[in-house]
Structures are given as C-alpha cells and as structure tokens.
Amino acid sequence: MHQKFEHSPRLHGKIGIVVPARNEAANLEKCLRSLKPFQDTGDIICVVNAQSSDETAACAQAHGVEILESKQASRSEAIRSGVEWLLRRHPALEVLMIAHADMLFQDNTRAAVTQFLQDNPNAQWGALGHRIDHAGAVYRWLEWGNAFRVRCWSLAYGDQCQLMRTSALASIGGFPCVDCLEDVELSLRLRTLGPACDLGCPVLIPNRHWRGGVVLTTARNWLTVILYRIKRSLTGTRTQG
C-alpha cells in the first residue's frame, strides 16, 4: 500500500521512538536527521547507547534527543530498557516505534503513521516496511518477500521498523525480556492481538546485513528463526517476561 499523505492528522497522544545504538555514530547522525519531523511534532526520541566506544552518545546529544545508557551491549536489552523508560517518563504516549540507527525515514513518515492509525482505529501493530539501499534486482525480491511475510504471516522483523499502540504492548505484558531475536518474539506475541499491518512507508536500510551473500544470509536467518520457534515451543518462552 503506497499512498500520498498531504496532511498529518493528530493523535491523542505522542509517538515514542526507541533507537538502540552501539558504535553507530556515523549512521545515527543521518537517522536522527531523518526523524526530525517527529521531533518537530513533539514526539519523544530516545537513543539507547549500548556500551558504545565511539561518538554515538555525543551525536545523540547534539540532536537534542533523550539519551539512555544501557547496562549491556545487547540490542534486545537496549530496546527493552528504552521502551520501559519511555513509558515511565511519558505515560501519555499512544504509539511506540522501534527504529535502528542505520534507518533513514521518508519525509512523510510521520504523516503516514498518524493518518493510517486514524483511518484504522482497530489496527494494533505493524511495520513501516523497508527498502534496501542497493540497485540489485535480488534486493527487490528480498523486499517483496519480507513484505509478504508481514502481510501473510504477521511476522515483522526489526529492520522493517516495528510499531505498536502502547495499549497493545500492555496487553501482551510489555516488551519481551529475551536475550536475542526480540523482534521475532515481539511479533509472535503481538499477532495474538490481531494481524500485522504493513503501512507501506518503507525506511531505507543499508545492504550490509547481506554482504555475506543474499541467499546464504537469508537461509541462515530462516534457520535461526525456525530453531528459535522450536525452542520457544519446547521451553515456553512466550510465558516469560
């Protein structure tokens, strides 16, 4: 779904955006610039510095966003602590969005999110989708397959920029406390509330995650998720924090 959004309907509450970052100063600078429309609207952006050794924290400070220091280098822990901190400090937030430091947002993303949620009051969660910054045709197929996964299986990954109403997150007991694959676990829990929505306003992400080879990396990702879901069914991960 690709639409033009010429105005920005107001939400009753603000949007909170968590950006976990570890040694991402160069990428974070561009990401935060692209999030400026959210910041200008009064939304809350929280960069969680996950034990960086570069200028990540200084970059966040220069952009005037909230900064939280994670006790661990883990991305899942950084996101969880950022989400919990935002909800404590800003209880009126209506929507949470989980960005990655290497994402670039379209100028109309804020308007797209607010209009979609206004037009679809029963929509609980979903993803913006992504476009990979590479001209190769294989990446267009990859984008299509990832969007298909969201629409048909309600399984959104973190690099597609997950978002949810805060009420939906509360309904599943908060952000999952897991050591890895937090994006998969979050999707599995949220889809018990209803299907994921593809907002069709993709973020731009680099192709660095597939530089080991698109086929090999994709196969490895599939295997990782399959093994995780098997382990989850055997150990009852879904019943934990």
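About the criteria used
Within each chain, residues carry numbers counting from 1 in the order of the written sequence. With pLDDT at 70 or above as the cut-off, local features in this predicted model cover only qualifying residues; side-chain atom pairs require 80 or more to be listed or tallied, and sums for whole chains, interfaces and linings still use all residues. Think of the side-chain values as coming from all heavy atoms in the structure, minus any hydrogens and water. Think of a patch as exposed residues, more than 30% relative accessible area, with no salt bridge, where like charges cluster within 9 Å and nonpolar side chains (Val, Leu, Ile, Met, Phe, Trp, Tyr) cluster within 5 Å. Accessible areas in this description were obtained via Shrake-Rupley with a 1.4 Å probe; residue shielding takes into account the shown protein chains only. A pair is scored as a salt bridge if a Lys or Arg side-chain nitrogen falls within 4 Å of a carboxyl oxygen belonging to Asp or Glu. Strands are runs of DSSP state E lasting at least 2 residues, helices are runs of H or I lasting at least 4, and numbering of each runs from the N terminus. Following DSSP output, two strands are said to pair if at least two bridges run between them. Nine residue types can take part in a nonpolar core, namely buried Ala, Val, Leu, Ile, Met, Phe, Trp, Tyr and Cys, and a core is a set of them joined through side-chain atoms within 4.5 Å. Only protein chains enter the calculation, and the probe is 1.4 Å; a residue is then buried if its accessible area is under 20% of its type maximum, exposed if over 50%, and partly exposed in between. The contact rule is simple, with two residues in contact once any of their heavy atoms fall within 4.5 Å. Think of pLDDT as the predictor's per-residue confidence, scored from 0 to 100. Stacked, tilted and edge-to-face are the three classes applied to pairs of Phe, Tyr and Trp rings, where Trp contributes its six-membered ring and a pair requires centres within 6.5 Å; stacked means planes under 30 degrees apart, edge-to-face means over 60, and tilted covers the rest. Whether a charge sits over a ring comes down to the Lys NZ or Arg CZ being within 6 Å of the ring centre and within 35 degrees of the ring normal.

Enquirer: Would you explain a nonpolar patch on the surface in this entry?
Expert: Taken together, the side chains of W222, L223, I226, L227, I230 and L234 present a nonpolar region at the surface, about 690 Å² in accessible area. Residue position: I226 is located in helix α9 (residues 214–235).

Enquirer: Could you clarify how one ought to interpret the sheet that holds strand β5 (residues 125–127) in this entry?
Expert: Adjacent strands of a sheet pair through backbone hydrogen bonds, lying either parallel or antiparallel. Spatial strand order, β3-β2-β1-β4-β7-β5-β8: seven strands in an open sheet with mixed pairing. Two strands bound the open sheet, and with one partner strand each, they are β3 (66–69) and β8 (197–198). One ladder, built from six bridges, connects strand β1 (residues 15–21) with strand β2 (residues 44–49); its direction is parallel. Each bridged residue has a counterpart across the sheet, and for V18 the counterpart in β2 is C46.

Enquirer: Hey, could you run me through the pattern of salt bridges in this one?
Expert: Throughout the structure, instances matching the rule amount to 14 salt bridges. Of the charged contacts in the structure, one is a salt bridge between K36 and D40, with a shortest N-O distance of 2.7 Å. In this pair, K36 and D40 both sit in helix α2 (residues 36–41), four residues apart, roughly one turn of the helix. For R208, the salt bridge identified is with D102, shortest N-O distance 3.0 Å. Of the two residues, R208 sits in the loop between β9 (203–205) and α9 while D102 sits in the loop between β4 (95–98) and α5 (109–119), which places them 106 residues apart along the sequence. One continuous salt-bridge network, built from bridges that share partners, spans E24, D102 and R208.

Enquirer: Even after reading the chapter, I still don't get the nonpolar core, so can you show me in this structure?
Expert: Where a protein is soluble and globular, its nonpolar side chains tend to be buried together. Counting 36 residues, the largest nonpolar core has I17, V19, L35, M97, F105 and L128 as its most contacted members. Those elements that place two or more of their residues in this core are β1, α1 (25–34), β2, α3 (56–62), β4, α5, α6 (137–153) and β9. In terms of residues, this core owes the most to one element, β1, which gives four residues. Apart from residues no more than four positions distant in its own chain, L35 is found in contact with I17, V19, I45, M97 and F105. Within the second largest apolar cluster, 26 residues are counted, among which are C46, L68, W85 and A156.

Enquirer: Quick question: what am I supposed to make of the confidence of the model for the chain here?
Expert: Detailed conclusions should not be drawn from predicted coordinates in areas where pLDDT is low. Per-residue pLDDT for the chain has a mean of 91; in total, 93% of the residues score no lower than 70. Contacts for the low-pLDDT stretch residues 1–10, under 50 throughout, to residues beyond four places or in other chains number 21 contacts.

Enquirer: Quick question: what am I supposed to make of the packing of aromatic side chains here?
Expert: Centre distance and the angle of the planes are the two values used to describe a pair of aromatic rings. For the structure on display, the rule yields four aromatic pairs. Relative to W144, the ring of W141 has its centre 6.4 Å away and its plane inclined at 75°; by these criteria the two rings are edge-to-face. Separated by three residues within a single helix, W141 and W144 lie in helix α6, roughly one turn from each other. The two residues W141 and W144 agree in class, both being exposed. Relative to F148, the ring of W144 lies with its centre 5.4 Å away and its plane at 20°, an arrangement referred to as stacked. Of this pair, W144 and F148 both sit in helix α6, separated by four residues, roughly a single helical turn. Residue classification places W144 among the exposed positions, given a relative accessible area of 52%. Overall, F148 belongs to the partly exposed group, its relative accessible area being 33%. Across the ring face of Y157, the terminal group of R149 is positioned such that the distance to the ring centre comes to 3.6 Å.

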